[in-house]
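An overview of the molecular structure
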Amino acid sequence: KGEVVADSRDAIRLEEGDYPPVFYFPRKDVEMDRLARSAHQTYCPYKGHASYFSLKDGPENAVWSYETPYDEMMAIKEFLAFYPDQVDSITAG
């Protein structure tokens, strides 16, 4: 809807195999009041269990977070990533 939900100079770009890079944003740089935690969860064998958030008045499960990732992935602990097809845009620059 054209709103800026996250803006950071501290985002982490993570290359995940053959997929496009994923940007993980620290929560301090995300408008957390625009998100609602959902009950949805998934599992990644490399990172652990992911928790999800929906955008209020927007797409469900559009944002994910590894709140207790495996030790090797602690750099993204509690950071948030957005599905590119669920938001207007993700811009790096």
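Looking now at the sheet that holds strand β3 (residues 35-44). The strand order β1-β2-β6-β5-β4-β3 describes an open sheet built from six strands, whose pairing is antiparallel. Pairing within the sheet leaves two strands with one partner each, and these edge strands are β1 (12-14) and β3. If you compare each strand with its neighbour and ignore which way they point, the axes differ by 30° on average. Across two bridges, strand β2 (residues 22-25) lies against strand β6 (residues 80-82) in antiparallel orientation. Within the sheet, the bridge partner assigned to Y24 lies in β6 and is A81.

Right, let's get into the nonpolar core. Ranked by size, the top nonpolar core spans 12 residues in total: L14, V22, Y24, C44, A50, Y52, W64, Y66, M73, I76, F79 and A81. When contributions to this core are tallied by element, the ones reaching two or more residues are β2 and β4 (48-55). V5, V30, L80 and V87 belong to the second largest nonpolar core, which has 11 residues in total.

In this section: unusual backbone geometry. One non-glycine residue, D57, lies in positive phi territory at about 60°. Along the chain, D57 turns up in the loop between β4 and β5 (63-65). The class for D57 is exposed, based on a relative accessible area of 66%. Although it is not a glycine, E78 sits at a positive phi angle of roughly 65°. Counting through the fold element by element, E78 comes out in the loop between β5 and β6.

So, on to the layout of surface pockets. Approximately 730 Å³ is the volume attributed to the largest pocket. As for the largest pocket, its lining consists of 29 residues, of which V4, V5, A6, S89 and I90 are closest to the centre. Per-class residue counts for the lining of the largest pocket are 13 nonpolar, seven polar and nine charged. Within this model, the second largest pocket holds a volume of roughly 370 Å³. In terms of lining residues, the second largest pocket is bounded by 18 residues, among which E16, P20, V22, W64 and Y83 are the most central. Listed by contribution, the elements that provide at least two residues to the lining of the second largest pocket are β2 and β3. A class-by-class count of the residues in the lining of the second largest pocket yields 15 nonpolar, one polar and two charged.

Calculation notes
Within each chain, residue numbers correspond to sequence positions counted from 1 in written order. Note on the predicted model: pLDDT of at least 70 is required for a residue's local features to be given, and 80 or more for side-chain atom pairs to be given and counted; whole-chain, interface and lining totals, by contrast, use all residues. Hydrogens and waters are ignored; side-chain quantities use all the structure's heavy atoms. At least two bridges found by DSSP between two strands is the condition for calling them paired. Numbering of helices and strands runs from the N terminus; a helix is a DSSP stretch of H or I covering at least four residues, while a strand is a stretch of E covering at least two. Note on definitions: angles span 0 to 180 degrees between N-to-C directions of axes, and those axes are lines fitted to C-alpha atoms, for helices only across the stretch in contact. Buried residues of nine kinds, namely Ala, Val, Leu, Ile, Met, Phe, Trp, Tyr and Cys, make up a nonpolar core once their side-chain atoms join them within 4.5 Å. Each residue's exposure class comes from its accessible area (1.4 Å probe, protein chains only) as a fraction of the maximum for that residue type: buried when under 20%, exposed when over 50%, partly exposed otherwise. Here a cavity is any set of points on a 1 Å grid over the protein atoms alone where a 1.4 Å probe fits but cannot get out, and a pocket is any open set with protein on both sides within 12 Å along at least 5 of 7 lines; a residue lines the site when it has an atom within 4 Å of a point. Grid points are joined across faces, edges and corners, and a volume is the space filled by probe spheres set on the points. Only Asp, Glu, Lys and Arg are considered charged, only Ala, Val, Leu, Ile, Met, Phe, Trp, Tyr, Cys and Pro nonpolar, and every remaining residue, Gly among them, polar.

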